[in-house]
Amino acid sequence: MNELLSKKCEILDVWARVCSQLEPKNWISSVLSAHSKKRDRRAALFWGKAAGATARVYLRRQIIAEFSSLVISPEEVPRGHSGHWVQGSHPIPDSKSFEAGSKLLEFFDYLRRADITHLDIFLSGGASSLAWIRSPELSEIELRKKLEKFYRLGLPISETNRQRAKWCALKGGGAGQWLRLLSARTRARAFVISDVLPYSPEVVGSGPFWGQGIVHQVVADNKKMVDLLSKEFKFKKIKVLGAQSGLGGDLETWRKVIRRRAQLALINNLKGILIFGGEPTLKLKSSPTSRGGRMTHLAAALALDFQVFIKEGRVEILCAASDGLDGKSNSSGALIRKQNINKLRRSGLAQSLRAQQTAKVLGRAGALLPTRAASTNVQDVVCVRILAKKASHPG
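Note that the structure is a prediction, hence the values are computed from the model and not measured.

Parameters and conventions
Residues numbered from 1 in each chain as written. Predicted model: local features only at pLDDT ≥ 70, side-chain atom pairs only at ≥ 80, totals over all residues. Heavy atoms only, no water. Patch = residues over 30% accessible without salt bridge, like charges linked within 9 Å, V, L, I, M, F, W, Y side chains within 5 Å. Areas by Shrake-Rupley, 256 points an atom, 1.4 Å probe, with all protein chains shown as cover. Salt bridge = Lys/Arg side-chain N within 4 Å of Asp/Glu carboxyl O. Lys, Arg positive; Asp, Glu negative; His and termini not counted. Charge placed at Lys NZ, Arg CZ, Asp CG, Glu CD. Helix = DSSP H or I, 4+ residues; strand = E, 2+ residues; numbered from the N terminus. Buried < 20%, exposed > 50% of the residue type's maximum accessible area, 1.4 Å probe, protein only. Contact = heavy atoms within 4.5 Å. Axes fitted to C-alpha atoms, helices over the stretch in contact; angles between N-to-C directions. Parallel < 35°, antiparallel > 145°, perpendicular 65-115°, else oblique. Phe/Tyr/Trp six-rings, centres within 6.5 Å; stacked < 30°, edge-to-face > 60°. Lys NZ or Arg CZ within 6 Å of the ring centre and 35° of its normal. Pairing = 2+ DSSP bridges. Left-handed = near helix turned anticlockwise from the far one by under 90°. Nonpolar A, V, L, I, M, F, W, Y, C, P; charged D, E, K, R; others polar. Core = buried A, V, L, I, M, F, W, Y, C linked by side-chain atoms within 4.5 Å.

**Focus on a positive patch on the surface**
A cluster of like positive charges, contributed by Arg291, Lys328, Lys360 and Arg364, occupies part of the molecular surface. Within the fold, arginine 291 resides in the loop between strand 8 (272-278) and helix 12 (294-305). For arginine 291, a relative accessible area of 34% corresponds to the partly exposed category.

Encoded structure:
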């Protein structure tokens, strides 16, 4: 971590603790205890950005037959893994994702041959692109071009999923249909790490098992993250001035909402923390040189809005992605504070925002947060710390 971020910062400390609390090791015991005494022939499927972290915890604690698990993850296959592990691609599917789709069907067929009666499914964000069975009407190149053009529109996730279901046989309940076809005796239950609040679990990963009689239980989501942040800040005697989870809309909507709430706090000389959780949509430029993500762009915008207060030490802003990687920023977000605002003001912040090059500017100012391995994926968070106004002394 760079020198500026290594200096004590309560927002950053709380964020790190909450990320740790959301790791699978802290919720998977409740999943395992539900069937710890049962003698079912059981298998497990881990699919999404958090698949690797979840699999490592589950497989250490749950005894299942060798090769009775499948991990579909953006991570490379680790050494010593005894089950099936396949690496898919994100955010655009490619040959790895197509192979993962084939492996998924092979795994369902294995469940029938091994007479597996129960399947635990652990589904997290990113699953949609990691495994893909493309429509025969589209070549791989055509699919890639369609998706790249489609994603630049910055549409709501519900609309995005409807379109993806037309191009992949696993989306919109498709994987559940394949499971029923290939292993009819296997009962399944899905445990969901949701990255789609305020939408329901049917949207996670484009809903591969939704509507097929499979119970979906949310084990972690944006509301839980915001609730944990509120609890931690209160424990540190920092007043929570407002907390909202599942915030939707585009990046400019987020900017306006946050600016209005923070300005009210400043006008009324309040001190404390404002917490905003969710995931703004962002219309991407077609330029391949764009560098940044939702959180770095939002951090740059808020730095422009509150630069005077940040310079005075009255405002600190954290914008972070819970999955540890914010778009094309090569970071997990940004921390804006008194120690780096002067560098940002001199570096063409407004121009970088227009060009979607915010990661470069924030990086030069030492404001970027390091990337993290994805142990969870519950959308984004913005924390705005309002500090006390320093009393002026008569000359």
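**Here we look at the environment of arginine 259**
Topologically, arginine 259 is positioned in helix 11 (residues 251-267). Expressed as a C-alpha distance, the spacing of arginine 259 and arginine 354, which sit 95 residues apart in the sequence, is 19 Å. Once residues within four sequence positions are removed from consideration, arginine 259 is found in contact with Asp305 and Phe306.

**Details of the packing of helix 7 (residues 140-151) against helix 8 (residues 157-167)**
Direction vectors running N to C along helix 7 and helix 8 enclose 175°, while the axes themselves pass 12 Å from each other. Between helix 7 and helix 8, the angle falls in the class roughly antiparallel. Of the residues in helix 8, those in contact with Leu143, Lys146, Leu147, Phe150 and Tyr151 of helix 7 are Glu159, Thr160, Gln163, Arg164 and Trp167.

**A word on the packing of aromatic side chains**
In this structure the tally under the stated criterion is 10 aromatic pairs. A centroid spacing of 6.3 Å and a plane angle of 35° characterise the contact between tryptophan 27 and phenylalanine 122, whose relative ring orientation is tilted. Taken as a pair, tryptophan 27 in the loop between helix 2 (10-21) and helix 3 (28-33) and phenylalanine 122 in strand 4 (residues 118-124) lie far apart in primary sequence, 95 residues in all. When sorted by exposure, tryptophan 27 lands in the same class as phenylalanine 122, which is buried. Pairwise contacts between aromatic rings join Trp27, Phe46, Tyr58, Phe122 and Phe191 into one cluster. Over the face of the ring belonging to phenylalanine 98 we find arginine 134, whose NZ or CZ atom lies 5.6 Å from the ring centre. Here the basic side chain of lysine 171 rests over the ring of tryptophan 132, its NZ or CZ set 4.2 Å away from the ring centre.

**Some words on the sheet that holds strand 10 (residues 333-336)**
Strand order in the open sheet made by the 6 strands is 7-8-12-9-10-11, with mixed pairing throughout. Strands with a single pairing partner mark the edges of an open sheet, and in this sheet they are strand 7 (240-247) and strand 11 (368-369). Docked against the sheet, helix 2 engages strand 8, strand 9 (315-321), strand 10, strand 11 and strand 12 (380-386), running at close to 25° with respect to strand 9. Packed onto the sheet, helix 12 meets strand 9, strand 10, strand 11 and strand 12 and runs at close to 165° relative to strand 9.

**Thoughts on the sheet that holds strand 2 (residues 69-73)**
Read from one edge of the open sheet, 6 strands run 3-2-1-4-5-6, paired in parallel fashion. Two strands bound the open sheet, and with one partner strand each, they are strand 3 (84-87) and strand 6 (215-220). Neighbour-to-neighbour, the strand axes of the sheet open up by a mean angle of 15°, direction not taken into account. Inspection of the sheet shows strand 1 (residues 42-47) paired to strand 4 by 6 bridges, in the parallel sense. Within strand 4, the residue paired with tryptophan 47 across the bridge is leucine 123.

**Describing the pattern of salt bridges**
Taken as a whole and judged by the stated rule, the model has 19 salt bridges. Of the charged contacts in the structure, one is a salt bridge between lysine 236 and glutamate 10, with a shortest N-O distance of 4.0 Å. A residue pair is termed long-range when its members are at least 10 positions apart, and lysine 236 in the loop between helix 10 (222-235) and strand 7 and glutamate 10 in helix 2 qualify at 226 residues. Judged by relative accessible area, lysine 236 falls into the partly exposed class, the value being 25%. For the salt bridge of aspartate 380 with arginine 294, the shortest nitrogen-to-oxygen distance reads 3.2 Å. Highlighted residues: aspartate 380 in strand 12 and arginine 294 in helix 12, separated in sequence by 86 residues. Among the residues examined, aspartate 380 registers a relative accessible area of 2% and is labelled buried. The class of arginine 294 is partly exposed, set by a relative accessible area of 28%.

**Looking at the packing of helix 5 (residues 95-113) against helix 9 (residues 174-182)**
The axes of two packed helices give the description: the angle between them and the distance between them. Close contact between helix 5 and helix 9 brings their axes to 8 Å; oriented N to C, the two are set at 35°. Note that helix 5 runs across helix 9; the crossing there is right-handed. Contact residues: helix 5 offers Leu105, Phe108, Asp109, Leu111 and Arg112, while helix 9 offers Ala175, Trp178, Leu179 and Leu182. When grouped by side-chain class, the residues that make up the contact of helix 5 with helix 9 number 7 nonpolar, no polar and 2 charged.

**Overview of the nonpolar core**
Counting 43 residues, the largest nonpolar core has Leu45, Trp47, Ile72, Phe107, Phe108, Leu111 and Leu119 as its most contacted members. If you list the elements that add at least two residues to this core, you get strand 1, strand 2, helix 5, strand 4, helix 6 (127-130), helix 7, helix 9 and strand 5 (187-193). Sort the elements by how many residues they give to this core and helix 5 lands first, with 8 residues. For leucine 45, the contacting residues outside a window of four places in its chain are Leu70, Ile72, Leu104, Phe107, Leu119, Asp120, Ile121, Phe122 and Phe209. Ala44, Val71, Ala320 and Val381 belong to the second largest nonpolar core, which has 42 residues in total.

**With respect to helix 9**
Every buried residue of helix 9 is listed here: Gly174, Ala175, Gly176, Leu179 and Leu182. Where helix 9 is buried, its residues meet strand 1, helix 5, strand 4 and strand 5.

**What about the environment of isoleucine 341?**
The residue isoleucine 341 is located in helix 14 (residues 338-345) in this model. Owing to a relative accessible area of 1%, isoleucine 341 belongs among the buried residues under this scheme. Along the primary structure isoleucine 341 and isoleucine 310 are separated by 31 residues, whereas in three dimensions their C-alpha atoms are 6.8 Å apart.

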